[in-house]
Amino acid sequence: MKCNNNPLISVCIPVFETEKYLAQCLRSVFSQDFDSFEVVIVSDASDGRNENGWNAKKIVKVAEKEGKQARKACGRDPVNVVFEVHEENRGILEVRRTMAYKAKGDYIFSLDSDDELLPDSLSTLWSAVKDENGEMRDIVHGSFVSGWYDESGKFCPAETTKCGAIFYGKVSGNEVFHKWIAGKISGNVCAKLIRRELFLGAFDNIPYTECNMADDFLVFFFISQCAKSYFGVKKNVYRYRISSGMSSSRKIDTLLKWRLVCSAASVFTVISQWILDNALPEDEVRYLREQAGFYLQTSLVQMEQTVIPALKAQAYEMLCEYWGPEAVKRVEMNN
């Protein structure tokens, strides 16, 4: 294995809304039985605090110290931690861009700050990186387990797994993109080891975009087109916390929060511009249009259910500004 100055894996954690679960997330990372990895954390001008009143920087500092002591006690190598802060909010897409540029690992593992790594996740995925010919795969994908913690702190698995479309076994060449389009491979960047160079290539195709929704969809659109090898592992590696993220049912009481939801439109603007210069089969273009309609419909439902009454008129106007009034009316009529 490489030394930590040149790690094999960069575990990248965005912080853009709350620090409530960040310490628990970091503990799951530092407890991994894998040595050659670093942790890259980027806070998107977040002013969130945990129950102790600590901001992200303090939480990371304390967790890093505890993690170093715990790893030393187990005879494991220390883990280098990189912490960056965006002085102004740029959105999760630009946070992922910063993390990709700051990372030094050959592979990136993306982990949201309210989720966790399961034990031995990194070693499990790394054991599948080489194919039968000794070649390094571009993507290694592990399974999700979804659920929530009860009042006693016990994790309660859900009956169905969110974010979990995974193809078990190997996929080669253009089939990686085709299986993603067909819905057989999840477009989430989480729970995957992905070559860092694929992330960098994706961001070469993505202009600066303030986006907080569907960012995974946009990044994986480009990653899956360039990836030539994929392998799905039949083991849970990622614990997804239900109803804690931006797409949950929490009340939206500011237009800033609502703008983050509307930003999904930016994803399909970038993809549409790319399609103008790059031919795709009609069935794949149709799939992308359907996905755009799905995100718009989801935003309409979220507006009705979570935006406070005093803001609904302005929220609707903002949704039309992002998606276009004709698209909004069309989706409303179809539903």
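Description of the structure in this document. As the structure is a prediction and not an experimental result, all values here were calculated from the model.

Secondary structure summary: the chain contains twelve helices and ten strands in total. In summary, the chain has a C-alpha radius of gyration of 20 Å against a globular reference of 20 Å for 335 residues, a match within 12%. Of all 335 residues assigned to the chain, the portion counted as buried reaches 52%. Sequence separation of 24 or more characterises 80% of the internal contacts of the chain that already satisfy a separation of 6 or more. Summing over all exposed atoms, the chain offers an accessible surface of approximately 15,900 Å²; the carbon and sulfur share of this is 49%. Distance between charge centroids for the chain: 5 Å, based on 41 positive and 45 negative side chains.

This next bit is on the side chain of Glu116. Structurally, Glu116 can be placed in strand 5 (residues 116–117). The contacts of Glu116, once residues within four sequence positions are left out, are Gln24, Cys25, Ser28, Leu111, Tyr149, Val237, Tyr238, Arg239 and Arg241.

Looking now at helix 9 (residues 264–277). Within helix 9, burial applies to Ala264, Ala265, Ser266, Val267, Phe268, Val270, Ile271 and Trp274. Where helix 9 is buried, its residues meet helix 7 (215–226), helix 8 (255–262), helix 10 (282–306) and helix 11 (312–323).

Another aspect to go through is the packing of aromatic side chains. For the structure on display, the rule yields 20 aromatic pairs. Measuring from centroid to centroid gives 5.9 Å for Phe177 and Phe221, while their planes differ by 75°, and the two rings are edge-to-face. Residue Phe177 is found in helix 5 (residues 175–181), and its partner Phe221 is found in helix 7; the two are separated by 44 residues along the sequence. For the pair Phe177 and Phe221, a shared accessibility class is recorded, and that class is buried. Judged by centre distance (6.2 Å) and plane angle (80°), the ring pair of Trp180 and Tyr287 falls under edge-to-face.

Counting buried positions over the eleven residues of helix 3 (residues 92–102) gives nine, a clear majority of the element. Along its buried surface, helix 3 packs onto strand 1 (9–15), strand 2 (37–44), strand 3 (80–86), strand 4 (107–110), helix 6 (196–204) and helix 7.

Because side chains alternate across strand 9 (residues 192–195), one face comprises the buried residues Lys192 and Ile194, and the other comprises Leu193 and Arg195, equally buried. For strand 4 and strand 9, the ladder comprises three bridges, and the chain directions are antiparallel. Each bridged residue has a counterpart across the sheet, and for Tyr107 the counterpart in strand 9 is Arg195. Pairing analysis gives three bridges linking strand 6 (residues 139–149) to strand 9, with the strands arranged antiparallel. The residue of strand 9 that forms the bridge with Ile139 is Ile194.

With that out of the way, let us pick up a positive patch on the surface. The grouping of Lys57, Lys58, Lys61 and Lys65 at the surface amounts to a positive patch. The residue Lys57 is located in helix 2 (residues 56–73) in this model. Judged by its relative accessible area of 57%, Lys57 falls in the exposed class.

A disulfide bridge is the covalent bond that connects two cysteines by way of their sulfur atoms. Evaluation of the coordinates by the stated rule reveals zero disulfides. Cys12 carries a free sulfur, and the closest cysteine sulfur to it, the one in Cys190, is 10 Å from it. By relative accessible area, which is 1% here, Cys12 ends up buried. There is no disulfide at Cys25, and the cysteine sulfur nearest it, in Cys190, is 9.7 Å away.

About the cut-offs
- Residues numbered from 1 in each chain as written.
- Predicted model: local features only at pLDDT ≥ 70, side-chain atom pairs only at ≥ 80, totals over all residues.
- Heavy atoms only, no water.
- Helix = DSSP H or I, 4+ residues; strand = E, 2+ residues; numbered from the N terminus.
- Rg over C-alpha atoms; globule rule 2.2 N^0.38 Å.
- Buried < 20%, exposed > 50% of the residue type's maximum accessible area, 1.4 Å probe, protein only.
- Contact = heavy atoms within 4.5 Å.
- Areas by Shrake-Rupley, 256 points an atom, 1.4 Å probe, with all protein chains shown as cover.
- Lys, Arg positive; Asp, Glu negative; His and termini not counted.
- Charge placed at Lys NZ, Arg CZ, Asp CG, Glu CD.
- Phe/Tyr/Trp six-rings, centres within 6.5 Å; stacked < 30°, edge-to-face > 60°.
- Pairing = 2+ DSSP bridges.
- Patch = residues over 30% accessible without salt bridge, like charges linked within 9 Å, V, L, I, M, F, W, Y side chains within 5 Å.
- Salt bridge = Lys/Arg side-chain N within 4 Å of Asp/Glu carboxyl O.
- Disulfide = S-S within 2.5 Å.

By themselves, these are just geometric observations and shouldn't be taken as functional.
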